[in-house]
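For reference, the chains in residue letters:
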Amino acid sequence: RKEVEQDPGPFNVPEGATVAFNCTYSNSASQSFFWYRQDCRKEPKLLMSVYSSGNEDGRFTAQLNRASQYISLLIRDSKLSDSATYLCVVKRGDSSYKLIFGSGTRLLVRP
Amino acid sequence: NAGVTQTPKFQVLKTGQSMTLQCAQDMNHNSMYWYRQDPGMGLRLIYYSASEGTTDKGEVPNGYNVSRLNKREFSLRLESAAPSQTSVYFCASSERRDTAFFGQGTRLTVV
């Protein structure tokens, strides 16, 4: 079993739709959580950090459930420019600070 | 502020040749990472360095060696390149539980 698991998709949605991605992690030593965005095999770029209290950045909302070891990302009012691969990322809280990536969920937003 | 710089951006090697991928960061980060990404797959951790003077194997270390030359630089060496090492290689750096920043990647083809 992979340490970080995501549904690979693709999610194919019309502009304006709301879409949600889920991610589970298996290592309870994980302490920091992030969503990254990756376009066409360019370098991943931080979309947002994820906090237990939940956090929002414009159209994007991230949630963390430590008890269930579950992370989510909600995108509202999807834009064509949101088409990308979304990577769930977990960082260990031990001295390694090892950064583990999910395999990514691909989003296609159509006109 | 350059962030994370990788060289070269592109490279073609013949089977059996050796080469070193260079990575440098100017953010005074302690942790540095090397990942590979194959088509349709997520990022897989090759090696990481939690701090200057330490290196550890990741998920796919076979065929690679690393050197944490100083706090800024973390190099990845392929001693005898194989076609299976054709991939995009990303270097990243981070500080403790904070987010990671990535270089633009090295696209390596082994023929």
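See above for the structure.
All of the points below concern the structure found in this document.

Calculation notes
- Along every chain, residues carry numbers that run from 1 in the direction the sequence is written.
- The order in which chains are written sets their letters, starting at A; the order in which ligands are written sets their numbers, starting at 1.
- Residue-level local features of this predicted model are given only where pLDDT is at least 70; pairs of side-chain atoms are given and counted only at 80 or more, and the full residue set underlies all totals for whole chains, interfaces and linings.
- Heavy atoms throughout the structure, all of them, feed into the side-chain values; hydrogens and water do not.
- Strands were regarded as paired on the criterion that DSSP finds at least two bridges between them.
- A helix here means a DSSP run of H or I that spans at least four residues, while a strand means a run of E at least two residues long, and both kinds are numbered starting from the N terminus.
- Lines are fitted to the C-alpha atoms to define the axes, a helix being fitted only along its stretch in contact, and any angle between axes, read from their N-to-C directions, falls within 0 to 180 degrees.
- We call two residues contacting when some pair of their heavy atoms lies within 4.5 Å.
- In this text, buried Ala, Val, Leu, Ile, Met, Phe, Trp, Tyr and Cys residues form a nonpolar core when linked through side-chain atoms within 4.5 Å.
- Per-residue accessibility, obtained with a 1.4 Å probe over protein chains only, is compared with the maximum for each type, and a residue is labelled buried under 20%, exposed over 50%, and partly exposed between these values.

A word on the pairing of strand β7 (residues 60-65) of chain A. Residues and elements named next belong to chain A. Sheet topology places strand β6 (residues 55-57) next to β7; 3 bridges connect them, and they run antiparallel. Bridging from a neighbouring strand, asparagine 55 pairs with alanine 62 of β7. Hairpin geometry of β6 and β7 is characterised by an intervening segment of 2 residues between the two adjacent antiparallel strands and by a positive phi of about 65° at glycine 58.

To continue, consider unusual backbone geometry. If a residue is not glycine, its phi is most likely negative; likewise, a peptide bond is most likely trans. Cis geometry marks the peptide bond from A:Gly9 to A:Pro10; its omega dihedral reads 5°. Cis peptide bonds are those with omega within 30 degrees of zero, and the linkage from B:Thr7 to B:Pro8 qualifies with -10°. Inspection of the secondary structure assignment puts B:Pro8 in the loop between β1 (4-7) and β2 (10-13). If you check the backbone angles, A:Gln69 has positive phi at about 55° while not being a glycine. One non-glycine residue with positive phi stands out, namely B:Asn28, at about 60°.

A few words on the sheet that holds strand β7 (residues 64-68) of chain B. Residue and element names in this part refer to chain B. With respect to topology, 4 strands assemble into an open sheet ordered β1-β3-β8-β7, the strand pairing being antiparallel. Two strands close off the open sheet at either side, each with one partner strand: β1 and β7. Strand-to-strand twist of the sheet, defined as the mean angle between neighbouring strand axes without regard to direction, takes the value 15°.

Residue and element names in this part refer to chain A. With respect to the element layout, phenylalanine 11 can be found in strand β2 (residues 11-14). The spacing of phenylalanine 11 and tyrosine 51 is 40 residues in sequence and 25 Å in space, taken between C-alpha atoms. Look past the residues within four positions of phenylalanine 11 in its chain and what remains in contact with it is Val19, Ala20, Phe21, Thr105, Arg106, Leu107 and Leu108.

So, about the nonpolar core. Residues A:Phe21, A:Trp35, A:Ile71, A:Leu73, A:Ile75, A:Tyr86 and A:Leu107 are the most contacted members of the largest nonpolar core, which totals 24 residues. Counting only elements with at least two residues in this core, the list comes to β3 (19-25), β4 (30-38), β5 (45-50), β7, β8 (70-75), β9 (84-92) and β11 (105-110) of chain A. Listed in part, the 20 residues of the second largest apolar core include B:Ile46, B:Tyr47, B:Val66 and B:Leu108.

What follows deals with the sheet that holds β8(A). Residue and element names in this part refer to chain A. One open sheet holds the 5 strands; their spatial order is β1-β3-β8-β7-β6, and the pairing between them is antiparallel. One side of each edge strand has no neighbouring strand; the edge strands of this open sheet are β1 (4-6) and β6. Each strand of the sheet is rotated relative to its neighbour by a mean of 20°, with strand direction disregarded. Across 6 bridges, the pairing between β7 and β8 is antiparallel. Looking at the pairing, asparagine 65 lines up with tyrosine 70 of β8.

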